[in-house]
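# Tertiary structure, described
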Amino acid sequence: MAGVLLKNVEKQYPNGFKAVHGINLEIKDGEFMVFVGPSGCAKSTTLRMIAGLEEITGGEIYIGDTLVNDVAPKDRGIAMVFQNYALYPHMTVYENMAFGLKLRKIPKDEINKRVEEAAQKLEIIELLDRKPKEMSGGQRQRVALGRALVRHPKVFLFDEPLSNLDAKLRVSMRVRITQLHKDLKTTMIYVTHDQVEAMTMGERITVLNRGRIMQVDTPLNLYHKPANKFVAGFIGSPTMNLIESELIEEAGKIYIKIEDQKILLDMEKANKVKDYVGKKVIFGIRPESISLGTENDVKGEITVVEQMGNEEYIYFEMGLKQWTSRINVEGIDQSKKKGTCYFKFDTSKCHIFDIETEENISL
């Protein structure tokens, strides 16, 4: 096993386009790290640079204590699982899993032992004589996992391995990979654009945008303590309400002013942002922190109510701004959810962002 260290890693293409801008990141030995971000944020490019499949144009990459900038992929002690499985169609499952070991001149008895152990772990022992075309997508992905597993790598790399599977299979494979990490305690780096995968699987998550790291933290901290507007808007579903507003002070209290309505700011948050009174800011609040209120609260016009079983998403307008509230339906008077309604904002859980830097100024 080994940790992974990236020091000022850059990737620039011959046409001058810079995909990765000086990334610094330490992934601990045995950690499950997830790279997440929108399409084009360079998460797969960064993973491929760690694997040696993409040449870096600046900085250093270490696997364990070894600088691997000029080390061939096969000698880096990594195993990679791809989105498209990358299985040899003319080989059986056994042959696919054993192929890399044969190239490394591993003794036949040892190959048999490793393949059988991996097949048992992944519950594909009955598939060893089949060819890829005779299997489902979920089974093929388990074979691809098994092929990585038999190599006993220092680091596992996963490049969006579940994106070709249906929703139900994705959930079961997510659980299987997480359990595999607990059993093996090997360093794993997992790339996904799916924030649910990221939040449920990662011990820590690296949020990337346009080739830069936005924040590296635990799933809970990313959700409750986003470092900037991008992370706040990217993590969470439905997404955080992010509205341009103004901080004002009246009678010693600080309010968020949005058009002609005012929302009283929690005292602890107010103390952190008092230097911004009189300035434009971005007000952020998660849908679950907005509930149905009384005439003492702010007024909104309900546009759509989405039924989600035991909870509902209420979309409403306050002036020209569109908001989302997520409420538990138990004990709620259904007649209150029509037309004009009042909403209570729990500003102890809100976030205030600098309008220029987009950094969170309320932490």
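This write-up is about the structure you can find in this document. Values in this document were obtained by computation on a predicted structure and should not be read as measured data. (Residues numbered from 1 in each chain as written. Predicted model: local features only at pLDDT ≥ 70, side-chain atom pairs only at ≥ 80, totals over all residues. Heavy atoms only, no water.)

## Overview of the overall build of the protein chain
The secondary structure content of the protein chain amounts to 9 helices and 20 strands. Reported as C-alpha extents along the three principal axes, the dimensions of the protein chain are approximately 80 × 45 × 35 Å. When each of the 363 residues of the protein chain is scored for burial, the buried share is 48%. Taken as a whole, the protein chain presents about 17,900 Å² of accessible surface, with 47% of it coming from carbon and sulfur. Distance between charge centroids for the protein chain: 4 Å, based on 51 positive and 51 negative side chains. (Helix = DSSP H or I, 4+ residues; strand = E, 2+ residues; numbered from the N terminus. Buried < 20%, exposed > 50% of the residue type's maximum accessible area, 1.4 Å probe, protein only. Areas by Shrake-Rupley, 256 points an atom, 1.4 Å probe, with all protein chains shown as cover. Lys, Arg positive; Asp, Glu negative; His and termini not counted. Charge placed at Lys NZ, Arg CZ, Asp CG, Glu CD.)

## Points about unusual backbone geometry
Of all residues except glycine, most have a negative phi; of all peptide bonds, most are trans. Ser237 connects to Pro238 through a cis peptide bond whose omega is -5°. Along the polypeptide, Pro238 turns up in the loop between α8 (229–234) and β11 (241–250). Notably, Lys185 is not glycine yet its phi reads approximately 55°, a positive angle. When you line up the elements, Lys185 lands in the loop between α5 (167–184) and β8 (187–192). Residues other than glycine seldom take positive phi values, yet Arg210 does so here, at roughly 50°. Residue placement: Arg210 occurs in the loop between β9 (204–209) and β10 (212–217).

## Here we look at the pairing of β8
Two faces, one strand: in a regular strand the side chains alternate between the faces of the sheet. The buried fraction of β8 is high, at 6 of 6 residues. The two faces of β8 match: Thr187, Ile189 and Val191 on one face and Met188, Tyr190 and Thr192 on the other face are all buried. Here strand β3 (residues 32–36) pairs with β8 via 5 bridges, running parallel. Bridging from a neighbouring strand, Val34 pairs with Tyr190 of β8. This β-α-β element, strand β7 (residues 155–159) to α5 to β8, shows right-handed connectivity. (Pairing = 2+ DSSP bridges. Right-handed = clockwise from strand over helix to strand, strands pointing away.)

## Describing the sheet that holds β10
Taken together, the 6 strands give an open sheet; going across it, the order is β6-β7-β8-β3-β9-β10, and neighbouring strands pair in mixed fashion. Lying at the two open borders of the sheet, with one neighbouring strand each, are β6 (78–81) and β10. In this sheet, adjacent strand axes meet at a mean angle of 15° when their direction is disregarded. Judged from the 4 bridges that link them, β6 and β7 form a sheet pairing that is parallel. Each residue of the ladder has a partner; that of Met80, found in β7, is Leu157. (Axes fitted to C-alpha atoms, helices over the stretch in contact; angles between N-to-C directions.)

## Considerations on the nonpolar core
Counting 46 residues, the largest nonpolar core has Met97, Leu145, Phe158, Ile177, Tyr190 and Val207 as its most contacted members. Here this core gets 5 residues from one element, more than from any other, and that element is helix α4 (residues 137–149). Excluding its chain neighbours within four sequence positions, the residues that come into contact with Tyr190 are Phe32, Met33, Val34, Phe35, Phe158, Pro161, Leu162, Ile177, Glu197 and Met201. The next biggest cluster of nonpolar side chains, apart from the first, holds 28 residues, and it includes Leu6, Val9, Met33 and Ile56. (Core = buried A, V, L, I, M, F, W, Y, C linked by side-chain atoms within 4.5 Å. Contact = heavy atoms within 4.5 Å.)

## A closer look at the side chain of Gln195
Within the fold, Gln195 resides in helix α6 (residues 195–201). For Gln195, the side chain forms a polar contact with the main-chain nitrogen of Gly236, separated by 2.6 Å. If sequence neighbours within four positions are ignored, Gln195 has contacts with Val36, Phe234, Ile235, Gly236 and Ser237. (Polar contact = N/O pair within 3.5 Å; in protein donor to acceptor, adjacent residues only side chain to side chain.)

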